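Residue-level structure breakdown
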Amino acid sequence: MEFLNELETMARVATQQSEEPDTPHHDDIKRWQSLFGLSYSQALREIQGHRSDLSRAIVSDSHWDIVRAKKEAEGFNKEAYEYATRFRAPKPLAIPTANHHQSYLLRLEGLIDNLAIVKQASQLTKAPPIFHGTDDNGNPVSFCKVDVTARNNIITYLSKHEPRFQPTFVPCHIAAKDLSTASAHPTLGIDATMPQFRLSSADDWILTPAQSQYPVWYFFYGTLADPTVLGRLLGVEPSYEDASVRGGILKTWGGKYKVLIDAPGGIVHGAAFLVQDQDQEDTLRCYETEKYEVVRCEIDMRDKKVKGLTFRREAYLSAAKCDAVGTFVRLWGKGSSIKILLNARYPRSNLLSSYDYVIVGAGTSGLTVADRLSADGKSTVLVIENGQIVDSPRISQVYSGVAAMGPTWSYQINSVRQPNLNNRSTSVVVGKLVGGSSAINAMMTIRGTSDDYDRWGSFLGNGSTWSWEGLLPYFKKIVDLILTLSEEAQFEAFRDIPGVEFPPDSGSGKAGVYWFPTFMDPERVERSYARTGHFDLINRTNFEVLTDSKVTKILLEGGVATGVSFEQKAENGTAIMSVKAKKEVIIAAGAIHSPQLLQRSGIGPSALLDSAGIETIVDLPGVGQNFHDHPMVFTNYVLQNFTVHPNPVDMYSNQNFSAWAQEVWRVNKTVIAPDTFEEIASKLEKLDHAALLPNGTDLTVIAGYKAQMKNMAAAIRSPNTAFYNHVLTGGSSSGTIVDLHPLSRGTVNINVTDPFASEPVVDYRALTNPVDLDIMVEILRFTKRYYFETRLRDLAPRQVQPPEYVNEPDDLKGFLRQNVNPSYFHPVGTCAMMPRELGGVVDERLEVYGVENLRVVDASIMPVLVGANTCQTTYAIAEKAADLIKADV
Ligand SMILES: Cc1cc2nc3c(=O)[nH]c(=O)nc-3n(C[C@H](O)[C@H](O)[C@H](O)COP(=O)(O)OP(=O)(O)OC[C@H]3O[C@@H](n4cnc5c(N)ncnc54)[C@H](O)[C@@H]3O)c2cc1C
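Note that the structure is predicted; figures quoted are calculated from it, not measured.

In this section: the overall build of the chain. If you tally the helices and strands in the chain, you get 24 helices and 29 strands. Expressed as a percentage of its 889 residues, the buried residues of the chain come to 58%. Sequence-distant contacts, at least 24 apart, represent 72% of the contacts inside the chain between residues at least 6 apart. For the chain, the accessible surface area stands at approximately 35,700 Å², while carbon and sulfur atoms represent 50% of it.

Here we take up the UniProt feature "domain: Glucose-methanol-choline oxidoreductase N-terminal" (unreviewed entry) in the chain. When the UniProt feature table is mapped to this numbering, "domain: Glucose-methanol-choline oxidoreductase N-terminal" (unreviewed entry) covers residues 590-604. The span residues 590-604 is 73% helical and 13% strand by assignment, and the distance between its end C-alpha atoms comes to 16 Å.

Moving on, we come to the environment of Ile737. Inspection of the secondary structure puts Ile737 in strand 25 (residues 736-739). By relative accessible area, which is 0% here, Ile737 ends up buried. Counting along the chain gives 87 residues from Ile737 to Tyr824, while the straight-line C-alpha distance between them is 9.8 Å. Apart from the residues lying within four places of it in its own chain, the contact partners of Ile737 are Pro631, Met632, Val633, Thr635, Tyr724, Asn725, His726, Ile779 and Thr783.

We now examine the nonpolar core. With 98 residues, the main nonpolar core has Trp466, Leu598, Leu846 and Leu854 as its most contacted residues. Those residues in contact with Leu854 that lie beyond four places of it in its chain are Ile554, Ala561, Val585, Ile587, Leu598, Ile603, Leu846, Glu847 and Val848. With 46 residues, the next largest nonpolar core counts Phe459, Ile716, Leu816 and Ala832 among its residues.

Looking now at the site of the ligand. Around the ligand sit 37 residues in total, of which Thr364, Ser365, Glu385, Tyr411 and Met444 are the nearest. Ala442 has a polar backbone atom sitting 3.0 Å from a nitrogen atom of the ligand. Between the ligand and the protein, one listed contact pairs a nitrogen atom with a backbone N or O atom of Val551 at 2.9 Å. Protein contact buries 98% of the 1,000 Å² of open area that the ligand shows by itself. Residue assignment for the shell around the ligand shows that the elements contributing at least two residues are helix 10 (364-374), strand 17 (549-557), helix 16 (590-600) and helix 24 (871-887).

All right, on to the packing of helix 12 (residues 450-460) against helix 21 (residues 699-717) then. Helices that pack against each other are described as a pair by the angle of their axes relative to one another and the distance between those axes. Running from N to C, helix 12 and helix 21 point in directions that differ by 145°, and their axes come no closer than 11 Å. Between helix 12 and helix 21 lies a crossing of right-handed hand. Across the interface between the two elements, Arg455, Ser458 and Phe459 of helix 12 pack against Ala707, Gln708, Asn711, Met712 and Ala715 of helix 21. Across the contact of helix 12 with helix 21, the residue classes break down as four nonpolar, three polar and one charged.

The antiparallel open sheet is built from three strands, whose spatial order is 22-25-24. Across the chains shown, the open sheet's two edge strands, defined by having one partner strand only, are strand 22 (632-634) and strand 24 (724-726). Averaged over all pairs of adjacent strands, the angle between strand axes in this sheet comes to 20°, irrespective of strand direction. Pairing between strand 22 and strand 25: three bridges, direction antiparallel. Counterpart to Phe634 in the pairing with strand 25 is Thr736. In the packing of helix 22 (residues 771-788) onto the sheet, the strands contacted are strand 22, strand 24 and strand 25, and the crossing angle to strand 25 comes to about 145°.

What follows deals with the pattern of salt bridges. Tallied over the entire structure, the rule returns 26 salt bridges. Across the pair Arg312 and Glu293 runs a salt bridge whose closest N-O atoms are separated by 2.9 Å. Residue Arg312 is located in strand 9 (residues 305-313), and its partner Glu293 is located in strand 8 (residues 292-301); the two are separated by 19 residues in the primary sequence. There is no split in this pair, since Arg312 and Glu293 are both buried. In this structure, Glu879 engages Lys477 in a salt bridge whose closest nitrogen and oxygen atoms are separated by 3.6 Å. Placement of Glu879 in helix 24 and of Lys477 in helix 13 (residues 468-478) is noted, with a sequence separation of 402 residues between them. For Glu879, a relative accessible area of 1% puts it in the buried group.

Counting buried residues along strand 9, seven of its nine residues qualify, which places the element largely inside the surrounding structure. In this structure, strand 5 (residues 216-220) lies alongside strand 9, joined through two bridges in parallel fashion. Along strand 9, the bridge assignment pairs Phe219 with Thr310. Sheet topology places strand 8 next to strand 9; nine bridges connect them, and they run antiparallel. Counted as the bridge partner of Ile299 is Val306 from strand 9. The hairpin formed by strand 8 and strand 9 contains three residues between the paired strands.

What follows deals with helix 7 (residues 148-161). Taking 1.5 Å as the rise per residue, helix 7 with 14 residues should run 20 Å; its terminal C-alpha atoms sit 20 Å apart, in good agreement. When helix 7 is considered as a whole, its buried residues turn out to be Ala150, Arg151, Ile154, Tyr157 and Leu158. The buried side chains of helix 7 occupy one side of the element, clustering within an arc of 125° when seen end-on. Facing away from the buried side of helix 7 by over 90 degrees, the exposed positions are Thr149 and Lys160. Where helix 7 begins, one side-chain oxygen reaches toward the backbone nitrogen of Thr149, 3.3 Å away; that side chain belongs to Asp147.

This part covers unusual backbone geometry. The omega angle of the peptide bond from Tyr214 to Pro215 is -10°, so this bond is cis rather than trans. Topologically, Pro215 is positioned in the loop between strand 4 (169-172) and strand 5.

With that settled, the discussion passes to the packing of helix 20 (residues 677-686) against helix 22. Contact geometry for helix 20 and helix 22: axes closest at 10 Å, N-to-C directions at 170°. The angle between the axes of helix 20 and helix 22 places the two elements in the roughly antiparallel class. Contact with helix 20, carried on its side by Ile680, Lys683 and Leu684, involves Val771, Asp774, Ile775 and Glu778 of helix 22 and no other residues of that element. Residue composition of the contact of helix 20 with helix 22, by class: four nonpolar, no polar and three charged.

On inspection of all chains with the given rule, the structure shows nine cavities of 30 Å³ or more. When its volume is computed, the largest cavity comes out at roughly 130 Å³. Together, 17 residues line the largest cavity, and Gln625, Asn626, Val701, Tyr705 and Arg745 are the ones closest to its centre. Residue contributions to the lining of the largest cavity peak at four residues, all from helix 21. Of the residues belonging to the lining of the largest cavity, the class tally is seven nonpolar, nine polar and one charged.

Before going further, it helps to examine the packing of aromatic side chains. Between two aromatic rings, the relevant description is the distance of the centres plus the angle of the planes. Tallying each qualifying case throughout the model produces 17 aromatic pairs. With a centroid separation of 5.1 Å and 40° between ring planes, the pair formed by Phe627 and Tyr764 is classed as tilted. Of the two residues, Phe627 is situated in the loop between strand 21 (618-619) and strand 22 and Tyr764 in the loop between strand 27 (761-763) and helix 22; the sequence distance between them amounts to 137 residues. Each member of the pair, Phe627 together with Tyr764, is buried. Plain terms: the ring middles of Tyr637 and Tyr787 are 4.6 Å apart, the flat faces sit at 5° to each other, and that makes the pair stacked. Placement of Tyr637 in strand 23 (residues 636-639) and of Tyr787 in helix 22 is noted, with a sequence separation of 150 residues between them. Comparing Tyr637 with Tyr787, the two get one shared label, buried. Every member of this aromatic cluster is reached through a ring pair, and the members are Tyr218, Phe220, Tyr240, Phe273 and Phe311.

The subject of this paragraph is the environment of Lys251. Here Lys251 is to be found in strand 6 (residues 241-253). Using a relative accessible area of 42% as the deciding quantity, one classes Lys251 as partly exposed. With 62 residues separating them along the chain, Lys251 and Arg313 place their C-alpha atoms 9.7 Å apart.

For the rest of this paragraph, the subject is helix 2 (residues 26-36). Turning to helix 2, its buried residues number three or more, namely Asp28, Ile29, Trp32 and Gln33. Taken down its axis, helix 2 places every buried residue within 140° of arc, on the same side. Contact partners of the buried residues in helix 2: helix 3 (40-52) and helix 5 (78-84).

About the thresholds
- Residues numbered from 1 in each chain as written.
- Predicted model: local features only at pLDDT ≥ 70, side-chain atom pairs only at ≥ 80, totals over all residues.
- Heavy atoms only, no water.
- Helix = DSSP H or I, 4+ residues; strand = E, 2+ residues; numbered from the N terminus.
- Buried < 20%, exposed > 50% of the residue type's maximum accessible area, 1.4 Å probe, protein only.
- Contact = heavy atoms within 4.5 Å.
- Areas by Shrake-Rupley, 256 points an atom, 1.4 Å probe, with all protein chains shown as cover.
- UniProt positions renumbered as here; feature names shortened; annotations may be inferred.
- Core = buried A, V, L, I, M, F, W, Y, C linked by side-chain atoms within 4.5 Å.
- Near = heavy atom within 4 Å.
- Polar contact = N/O pair within 3.5 Å; in protein donor to acceptor, adjacent residues only side chain to side chain.
- Axes fitted to C-alpha atoms, helices over the stretch in contact; angles between N-to-C directions.
- Left-handed = near helix turned anticlockwise from the far one by under 90°.
- Nonpolar A, V, L, I, M, F, W, Y, C, P; charged D, E, K, R; others polar.
- Pairing = 2+ DSSP bridges.
- Salt bridge = Lys/Arg side-chain N within 4 Å of Asp/Glu carboxyl O.
- Expected span 1.5 Å × (residues − 1).
- Arc of directions from axis to C-beta.
- Parallel < 35°, antiparallel > 145°, perpendicular 65-115°, else oblique.
- 1 Å grid on protein atoms, 1.4 Å probe; cavity = no way out; pocket = protein on both sides within 12 Å on 5 of 7 lines; lining within 4 Å.
- Points joined across faces, edges and corners; volume = space filled by probe spheres on them.
- Phe/Tyr/Trp six-rings, centres within 6.5 Å; stacked < 30°, edge-to-face > 60°.

The structure is reproduced here in structure tokens:
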């Protein structure tokens, strides 16, 4: 499905979702039972799953009109028909699991606090090996190591004897080491079953090294050949010898890591290091994870050849891309001082107790800032991310840019029901994975107009560098412009409306009609996003990303941010951990979660914090207020005689098309205003702005809102602020219409009844400023004019949505209340960069008011939405933030 159509689908699903009751109607369940042969509960589950799947395909009204009679006769309604014809996502790559290597660390505590009881419960013939270490508070802890069978036996034992006791098992991801005593197996580059590799005598050379032979030479080729990494892991100053091995070649895995795989005849150059004992070796095996195995090899050094070992990528994984994420557990082996890194599926380095910079969120802004700060090779940067690294064609593919949008990689949040939208609620979609929302967005890259950025500066005083001119260098830093497809016939039709301007491109800072590019890597023809741009190809030991870890609190000491505490997912529960920031804590959790984190940490409106039982550290009333997003509405005009080429299908079928698209990249500027614009601007000025905000809103926040509304009245009169956004589909039916400058303001606040465990309460407060409706009515009228009063008239337009008979302002408002979705997935404003007396949360340097060493660098700092999709602007903010931070060092 073409990607803009999918975006529309998404918009429609998001809009429709909340209209549907939580529990499906009995008749629907019956219908699904009989149509799909499901049990009652299966049908119930399927309907609920279908309704909550934002990526599901929607059957268009025109298609349904055609098939309706036939399908209804068969018992379908439109929803059941959609389900029957649903889009099936590609199955994820199946990678065999290495269960035979899996072992676990079991914590000795409670009912199983000693080895004797573990031996009994696990049915082992001898007690398992024990490890001692310390927990986060420095208290001693002990673990023992068990395999899968022992683990299962222990669980069975406990379920019989103490079902309420939850044992702590930590998966131990360690590279396998099973050196055969009967053959050369495993050896780099050879198949030990071949006759020439069979043993001829018991002390045959091919048995060297033996399983427990120390010291032993290891050959390193990737990060372990880096003395900083090895030194940090082993706590020694490493001394290497230049070396090479035969029988393998290096491949790049996951776009980033070097891996050694079998290749008879191949030669690999690297370094040899003498591993002293088993503790050192265990550390290295844990570092490399279960995705590698220790194999024998002959190491060629300058002056000698030795029989040694190396880490080989497991054969079945050599060609596959795999995740490299996981958690860290630290223990001290066998009472010695050597650290053992366990369960580390992320092969960069050990987790330190402190970093120069700790960044919350590996999303669009977080990775950008991390990349720039670590570029000097010295500043240590840790990024903590709640989601995982995800490799999926649904993310990388460009021909369906919104295939990743559904719930799979998003937070599961539903907004507060909106009284002005007929009490509907809507899904709040923000990315939860490395790359953040840039990994799941629709890839449209557009800048606002120069007025949009100058407006930010106007709140901050004369000479602010938060302006079009001030941000332009950062915009330029972000993208290598690659042209994309749009639709000429629909594009050109705008020329028939007097006053419509055509700027040269979407980056000129001018309002009008233009082609826009997408975030795409032209060589790989894949999504280009924060992960691919600021993480995948970077191999710095001072830049680490920790995944599956949710930051719950900023640690504050005497008004200074000193670190964060976070929850890290482990297989059997959650570990509470903390890390210190020597220089700064940088929040990049996005507009929905950054205010939540500040509020949880005692920085926010004191009344709200009081009601949640959180001690106020800094009374900062603006945190979580000033929330807004672009409202959108799905309209549908069908061009009945549409036979225009090129169209989206040509994109894939016509080889010459992209050359053609390059040719048509040009044109000029400005915007057309409805006759009513002066009336609308005056109405906005006369409103009682304080009354439009929630009861009890702080006076500073009200003052900020008044300043914004004054500015927006000027914007309504300005030819260079766009309010209307219409993405052309290039197909026979049209699309999503967006109000680029909403005037209503909502809130994103902690859930006071459960501030730490639940998602924030998101209230768009949609259409609470009545002028939003006036503007959207004009937007609908303009859309109709575009179809019926331009050359598109010749293509026989037919109005489907809003229905033809809905024309009067009050009726159009009714249509909008029923159909507007308050989000175009562009939440901003919740940590606004405004003066504190105007309800601001951060200053011009993005520093949080009242706290030292704490900044916010993501989309939440936009005081007012720009008239464009927000990703490019977020990158620019992050680029500027990095410069501001570096300038402070
Ligand atoms: C479905 C969708 C479609 C969109 N389409 C477009 C488009 O076509 N063009 C465009 O320009 N813009 C688009 N956007 C908007 C754009 O992608 C965002 O504005 C931008 O990516 C926001 O960047 P950010 O850094 O503020 O937040 P994000 O990129 O969302 O990053 C925040 C990160 O922080 C993590 N996080 C949150 N809380 C915590 C915590 N407590 N601990 C640890 N980690 C945490 C999250 O998991 C996430 O990875 C779209 C957005 C979405 C969701």
